[in-house]
Amino acid sequence: MKRIILSLSLVIATTTEFSQVKFSLGVRLGANYSQITNSELDAKTGLYAGLFTDFRFTSFYALQPEVTYSNQGGKSNTDGIGELDIHYVSIGVANKFYIFKDSGLHFIVGPSIDVNFEANVISLINDDGELEITPFDVTLFGGIGYEFPFGLSVEARYKHGFFDLDAASGEWDVYGNYHDDEDLLNSVIQIGATYKFDF
């Protein structure tokens, strides 16, 4: 009998907790300030835009899966040589922590997998491109944001990649004088806004 009462109490508590979860869909839009570490490329400005779902489990925690287009890379500091444009589709999971009660201020942390839009495994199988840049990157991001009561948020994030971008493990002379004995990693500052549509 005790087991039945305990199981029933657990089911009721779980159902009550999940019934209080707030679900929202939203959009993200902003600017990237990206660099490639251990290279002689200058920082490059690009755009990011995406969609997300927001699951607000408690007053202090929300989980936000997101899919984002992100233009990254670097700009050459040598005359006559163009910039390195990398187009990513980023699949991330943002954990948002609202540490001050009744305040929209929150901290953001999470991982993402960035798939190279142009030089990916599918384009290689179809013989549509050359693998000069790794087909995907694994990143970790963190930041801070402020959410207004009407659904608009402003946020700033820093995202750092962990995979060497140089697929050939050599120099990319067309883009600048890279160091082939050090990893070339994505380093991105993102500043932008989000808007949530509540359901």
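As a starting point, this report considers the structure included with it. Note that this is a predicted model, so its numbers are computed, not measured.

What counts and how
Residues numbered from 1 in each chain as written. Predicted model: local features only at pLDDT ≥ 70, side-chain atom pairs only at ≥ 80, totals over all residues. Heavy atoms only, no water. Helix = DSSP H or I, 4+ residues; strand = E, 2+ residues; numbered from the N terminus. Buried < 20%, exposed > 50% of the residue type's maximum accessible area, 1.4 Å probe, protein only. Polar contact = N/O pair within 3.5 Å; in protein donor to acceptor, adjacent residues only side chain to side chain. Pairing = 2+ DSSP bridges. Contact = heavy atoms within 4.5 Å.

### So, the side chain of Thr68
- Within the secondary structure, Thr68 is located in strand 3 (residues 61-74).
- Taking the relative accessible area as the measure of exposure, Thr68 reaches 4% and is therefore buried.
- For Thr68, the side chain forms a polar contact with the side chain of Arg28, separated by 3.0 Å.

### Description of the pairing of strand 5 (residues 105-116)
- Alternating residues of strand 5 divide into His106, Ile108, Gly110, Ser112, Asp114 and Asn116, all buried, and Leu105, Phe107, Val109, Pro111, Ile113 and Val115, none buried.
- With 8 bridges connecting them, strand 4 (residues 84-97) and strand 5 associate as antiparallel partners. Bridged to Val89 within strand 5 is Val115.
- Relative to strand 6 (residues 136-147), strand 5 runs antiparallel, the two sharing 11 bridges. Considered in strand 6, the bridge of Asp114 is made with Asp137.

### Quick look at the environment of Gly30
- Structurally, Gly30 can be placed in strand 1 (residues 22-36).
- Gly30 gets classed as buried once you look at its relative accessible area, which sits at 12%.
- If we skip the residues at most four places from it in the chain, Gly30 touches Gly46, Leu47, Tyr48, Ile191 and Gly192.

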